[in-house]
Amino acid sequence: MAWLTEIQQVADFTPYAAVASTDPHLYRSLDRMFDVLFDAEVEVLAKECAAAAFFGDLDKRLEKIEVPLAMATPHIDRAADFITEHCTRRLRLTEIADVSGLSPSYLVRAFRARHGMTPHAYQLNRRIQYGQGELRRGRPIVDVALSAGFADQAHFQRVFKQHVAATPRQYARPASGYAAAAEPQP
């Protein structure tokens, strides 16, 4: 229970009233979280976001009182700025939550509501934007992949292609026109 208390940033964990559920949405959410947590290739931040999102959704379903999103906007903006500034390194959800002043579970939900993606997805987006800038400067793809915070060039290429609809090599090729046409999205 200590890790749940830490995720939710509360003094004491209060057990949920229901000890069993037949809610199919809850089951699917738990199943998705399990898949992410036990995938060796998934980064720690993505795992933390998945756990926080699951327990945050559970709290929401159990109607816990939270800070309204409008009041949390400056906190979410601080989190987004922190992620942008440190996008190329491995971040922990608790680190981002500390900077924002929000609990990890609420941060994930509020961040998604404001930006349309989790903090991890936001970080990947920023890493790709960083990579685009470095490719435009003519840096080798393997160097860009590693400096952008990806484990290897293959991971960078997969994520890059999902975000840009071109491979890093196609994007870096001046004749292709991708670099000029595909400017980073905020």
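Structural data are supplied above this passage.
Note that this is a predicted model, so its numbers are computed, not measured.

**Brief notes about the overall build of the protein chain**
Line of reasoning, step 1. The helix and strand tally for the protein chain stands at eleven helices and zero strands.
Line of reasoning, step 2. When the helices and strands of the protein chain are read in sequence order from the N terminus, they spell out α-α-α-α-α-α-α-α-α-α-α.
Line of reasoning, step 3. The 186 residues of the protein chain split such that 43% are buried.
Line of reasoning, step 4. In the protein chain, the share of contacts with a sequence separation of at least 24, taken over all contacts with a separation of at least 6, comes to 61%.
Line of reasoning, step 5. When the accessible area of the protein chain is evaluated, it comes to approximately 10500 Å², of which 56% is carbon and sulfur surface.

**Overview of the packing of aromatic side chains**
Line of reasoning, step 1. This structure, assessed with the given rule, holds five aromatic pairs.
Line of reasoning, step 2. Relative to Y122, the ring of F111 has its centre 5.1 Å away and its plane inclined at 80°; by these criteria the two rings are edge-to-face. In this pair, F111 sits in helix 6 (residues 104-115) while Y122 sits in helix 7 (residues 119-136), placing the two residues eleven residues apart along the sequence.
Line of reasoning, step 3. By relative accessible area, F111 is classed as buried at 0%.
Line of reasoning, step 4. Taking relative accessible area as the criterion, Y122 reaches 6% and is therefore assigned buried.
Line of reasoning, step 5. Every member of this aromatic cluster is reached through a ring pair, and the members are F150, F156, F160 and Y171.
Line of reasoning, step 6. Over the ring of F150 we find R127; its NZ or CZ atom is 5.6 Å from the centre of that ring.

**Remarks on helix 9 (residues 153-164)**
Line of reasoning, step 1. Given a rise of 1.5 Å per residue, twelve residues ought to cover 16 Å, and the 16 Å separating the end C-alpha atoms of helix 9 matches this to within 8%.
Line of reasoning, step 2. Among the residues of helix 9, H155, F156, V159, F160 and V164 are the ones counted as buried. Buried residues along helix 9 cover an arc of 135° about the axis, so they all sit on one side.
Line of reasoning, step 3. Of the surrounding elements, those touching the buried residues of helix 9 are helix 7, helix 8 (141-147) and helix 10 (168-172).
Line of reasoning, step 4. For helix 9, the capping residue at the N-terminal end is D152, with a side-chain oxygen 3.3 Å from the backbone nitrogen of A154.
Line of reasoning, step 5. Remark: A165 follows helix 9 within two positions and exhibits a positive phi of approximately 65°.

Thresholds applied
- Residues numbered from 1 in each chain as written.
- Predicted model: local features only at pLDDT ≥ 70, side-chain atom pairs only at ≥ 80, totals over all residues.
- Heavy atoms only, no water.
- Helix = DSSP H or I, 4+ residues; strand = E, 2+ residues; numbered from the N terminus.
- Buried < 20%, exposed > 50% of the residue type's maximum accessible area, 1.4 Å probe, protein only.
- Contact = heavy atoms within 4.5 Å.
- Areas by Shrake-Rupley, 256 points an atom, 1.4 Å probe, with all protein chains shown as cover.
- Phe/Tyr/Trp six-rings, centres within 6.5 Å; stacked < 30°, edge-to-face > 60°.
- Lys NZ or Arg CZ within 6 Å of the ring centre and 35° of its normal.
- Expected span 1.5 Å × (residues − 1).
- Arc of directions from axis to C-beta.
- Polar contact = N/O pair within 3.5 Å; in protein donor to acceptor, adjacent residues only side chain to side chain.

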